[in-house]
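# Topology and contacts: notes
Residues per chain are reported as follows:
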Amino acid sequence: MSIKKTYEEINEKIKNGCAVVVSAEEVIDIVKEKGIKDAAKYVDVVTTATFGPMCSTGAFLNFGHSDPPIRMTKVTLNDVAAYSGLAAVDAYIGATEISESKGIEYGGAHVICDLIDGKKIRLKATSPGTDCYPRLEIDTYITKDSINEAYLFNPRNAYQNYSAAINTSDKALYTYMGILQPNMGNINYCTSGQLSPLFNDPLYRTIGIGTRIFLAGTTGYISWQGTQFFSDRERDENGIPLSPAATLAVVGDLKKMSTEYIKPAVFEKYGISMFVGIGIPIPILDEEMMKFVSIEDKDLYTSIVDYSVPSRNKPTLGRVNYAQLRSGSINLNGKSIKTAPITSLYKSRKIAEELKKLIMEGNFYLQQPIEAFPLNNRLNTLEIIDAEEE
Amino acid sequence: MKKKIFLIFPPHLTDQPITYTLIKKYDLKTNILRASINYNTQGNLLLELEGTKENISSGIRYLENIGVKVDFIHTEIKWDEKACIHCGACTAVCPSDALKLDSNSWLLSFNAEECLGCKLCIKACPLKIITNGL
Ligand code: SF4
Ligand code: SF4
């Protein structure tokens, strides 16, 4: 008889403190030892995690009203511009926005972390003034406790697979994938591999809209498919996409986050990004889910892409698996090339452990997705056309 | 054997042909990894010595005798271990594996003796926690 478990059954076990929860790394040996069927019977939840730079990160803030009130049109937080083309005192601070005075040394990501840390942030805003909002400017300080809502809303996080980067030119390249040394000096890669959320649920059976997740130290939710969601990618026999595919839009309460699990990143000569910690629990509903989560680095493939070609479609130099990338060097056309991660496996593991603990202690329950992601999504490109063209 | 040493010269020694002496008199291969020496001001030199153990010891004794300060594990970078997230971005550029990720724990370690002082890691660290140690 095949194994079937429901969300309700698993949550009941969590409530009774008897759910078996293991990380996506630990589960590999369990499956080897017990086989898929017995492992599916035994394990209830598998925790996955990632901690890598995710540029598409930002936070919505509501500052509260001053007296007399102001309809803010231009807002800066510690000298970093926040988008305020919204209602009077709402703004969105994007992680990659840079300081007007300090450049890429300080930016939106830093403002977000300073807010989380409870620091005072200087808020400056101007307005043309209206009958209902007569104030023309404001210069004050806020903290996360002095304002109303503050929630992280990230349009694109947790990429399902990502290409590794190399540089065949004779000049060093400074990229969001780190420094790429000339003449194929190194290969940088950027997923947590066998621990990565979407590698463990490749067909989005349990990760969808409404899934409850661990986000930067607190509970968060998947709110939508992430931007550039490209699920209609070529896949291997395990359903794993061979190139960057699905992404997640996530939301969570910034006030409850911890800078242990979210950090500003400054990439030399590129700009600001943000390391975001995401953990996703995967319920073992049946043997198929068990098979998905038992995937190993050696079965996960990605392409090596040449970043020295400054066009949309960069040439691919070969295909590698994550076990090869993790080994520290790769042989490419007879040359041994050093590999380096950009995603912290150490932190990813810490998140998977933290989430495990939360579930085992009955402080985190699984939420079934309200709606599943499409499997046939493709990407459009941006073409340069003039007004008459279709 | 090889040994890496960091030399600090007082101003009156900056005109001494010390590498020449090390080569000629002590039969050492010298490899200058980094130098900042200006005539009549304090200078420093990051040097790799190659030769027999005895010759290296004698060479170092000679340097100390003439008044050069010799530092064995000097490094020009400072790594703020507490603030490190162990991402590994710095390891991509480190030419000597002085910065290395452990393949079990995936924690970064820094081995000052292997550091060549190239400072590429300062630029590569997205958290900006590797700084100039001088
Ligand atoms: S200074 Fe150069 S050799 Fe030393 S740790 Fe940094 S990258 Fe490695
Ligand atoms: S790049 Fe910086 S944060 Fe990342 S491992 Fe190296 S020192 Fe640590």
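Residues numbered from 1 in each chain as written. Chains lettered and ligands numbered in written order. Predicted model: local features only at pLDDT ≥ 70, side-chain atom pairs only at ≥ 80, totals over all residues. Heavy atoms only, no water.

As a further point, take the site of ligand 2. Close to ligand 2 lie 13 residues, the nearest being B:Cys84, B:Cys87, B:Gly88, B:Cys90 and B:Cys125. In terms of residue class, the shell around ligand 2 is built from 11 nonpolar, 2 polar and no charged. (Near = heavy atom within 4 Å. Nonpolar A, V, L, I, M, F, W, Y, C, P; charged D, E, K, R; others polar.)

The next subject is the sheet that holds strand β4 (residues 69-71) of chain B. Adjacent strands of a sheet pair through backbone hydrogen bonds, lying either parallel or antiparallel. Residue and element names in this part refer to chain B. With antiparallel pairing, the 4 strands of this open sheet are ordered in space as β2-β3-β1-β4. Single-partner strands in this sheet number two, and they are β2 (29-36) and β4. Sheet twist, expressed as the average angle between the axes of neighbouring strands with direction ignored, equals 25 degrees. Relative to strand β3 (residues 43-50), strand β1 (residues 2-9) is paired through 8 bridges, and the arrangement is antiparallel. When the bridges of β3 are listed, Lys 2 appears paired with Glu 50. Each of β1, β2 and β3 is contacted by helix α1 (residues 18-26), which is oriented at about 15 degrees to β3, the strand it contacts most. Across the face of the sheet, helix α2 (residues 53-66) comes into contact with β1, β3 and β4 while running at roughly 5 degrees to β1. (Pairing = 2+ DSSP bridges. Helix = DSSP H or I, 4+ residues; strand = E, 2+ residues; numbered from the N terminus. Axes fitted to C-alpha atoms, helices over the stretch in contact; angles between N-to-C directions. Contact = heavy atoms within 4.5 Å.)

With that out of the way, let us pick up the nonpolar core. What tends to happen in soluble globular proteins is that the nonpolar side chains get buried as a cluster. Residue and element names in this part refer to chain A. With 134 residues, the main nonpolar core has Leu 61, Phe 63, Met 72, Leu 77, Ile 93, Leu 248 and Ile 278 as its most contacted residues. The element that contributes the greatest number of residues to this core is strand β20 (residues 271-283), accounting for 7 residues. Excluding anything up to four places from it in sequence, Ile 93 contacts Gly 58, Ala 59, Leu 61, Leu 77, Val 80, Ala 81, Ala 82, Gly 108, Val 111 and Ile 112. (Core = buried A, V, L, I, M, F, W, Y, C linked by side-chain atoms within 4.5 Å. Buried < 20%, exposed > 50% of the residue type's maximum accessible area, 1.4 Å probe, protein only.)

To continue, consider the pattern of salt bridges. All names here are of chain A. Scanning the model with the defined rule gives 20 salt bridges over all chains in all. Taking the shortest distance from any N to any O, the salt bridge between Asp 286 and Arg 205 comes out at 2.8 Å. Remark: Arg 205 occurs in the loop between α4 (197-200) and β16 (212-215) and Asp 286 occurs in the loop between β20 and α5 (287-293); sequence separation between them is 81 residues. For Arg 205, a relative accessible area of 32% puts it in the partly exposed group. Through salt bridges that share partners, Lys 5, Lys 13 and Asp 44 make up one connected network. (Salt bridge = Lys/Arg side-chain N within 4 Å of Asp/Glu carboxyl O.)

The next thing to look at is the environment of A:Pro281. Considering the arrangement of structural elements, one finds A:Pro281 in strand β20. In the structure, A:Pro281 is positioned 47 residues away from A:Gly328 in sequence and 29 Å away in space, judged by C-alpha atoms.

In this section: the domain arrangement of chain A. Residue and element names in this part refer to chain A. If you check the domain split of chain A, you get domain 1 (7-54 + 153-372) and domain 2 (64-147). For domain 1 versus domain 2, the distance between C-alpha centres works out to 33 Å. Taken together, the 17 residues of domain 1 in the interface contact 18 residues of domain 2. Broken down residue by residue, the surface that domain 1 buries against domain 2 is led by Leu 254, Lys 255 and Ile 272, which jointly contribute 45%. Where domain 1 meets domain 2, there are 0 salt bridges. For the pair domain 1 and domain 2, the interface holds 4 residue pairs in polar contact (both at pLDDT 80 or more). Among the elements of the structure, β11 (150-157), β19 (262-267) and β20 are those that each provide at least two residues to the side of domain 1 that touches domain 2. Of the residues assigned to the side of domain 1 that touches domain 2, the class counts are 10 nonpolar, 4 polar and 3 charged. (Domains from an automatic or database assignment. Buried area = accessible area lost by both parts, 1.4 Å probe. Polar contact = N/O pair within 3.5 Å; in protein donor to acceptor, adjacent residues only side chain to side chain.)

Residues and elements named next belong to chain A. The step from Asp 67 to Pro 68 runs through a cis peptide bond, and the omega angle for that step is -5 degrees. Although it is not a glycine, Lys 269 adopts a positive phi angle of roughly 55 degrees. With respect to the element layout, Lys 269 can be found in the loop between β19 and β20. According to the relative accessible area criterion, Lys 269 is exposed, its value standing at 58%.

Another point: the interface of chain A and chain B. Every contact between the two is made by 25 residues of chain A and, on the other side, 22 residues of chain B. Summing both partners gives a buried area of about 1,900 Å² for chain A against chain B, and 61% of it is carried by carbon and sulfur. Considering only the surface of chain A that becomes buried against chain B, A:Ile179, A:Lys338 and A:Tyr346 emerge as the three largest contributors, covering 26% of it. Scanning the region where chain A abuts chain B turns up 2 salt bridges. The partner of B:Asp97 in a salt bridge is A:Lys338, and the shortest N-O contact between them spans 3.2 Å. Viewed at the interface, chain B and chain A are joined by 9 residue pairs in polar contact (both at pLDDT 80 or more). Per element, the largest residue contribution to the side of chain A that touches chain B is 5 residues, and it comes from β19(A). Each residue belonging to the side of chain A that touches chain B can be placed in one class, and the counts come to 14 nonpolar, 5 polar and 6 charged.

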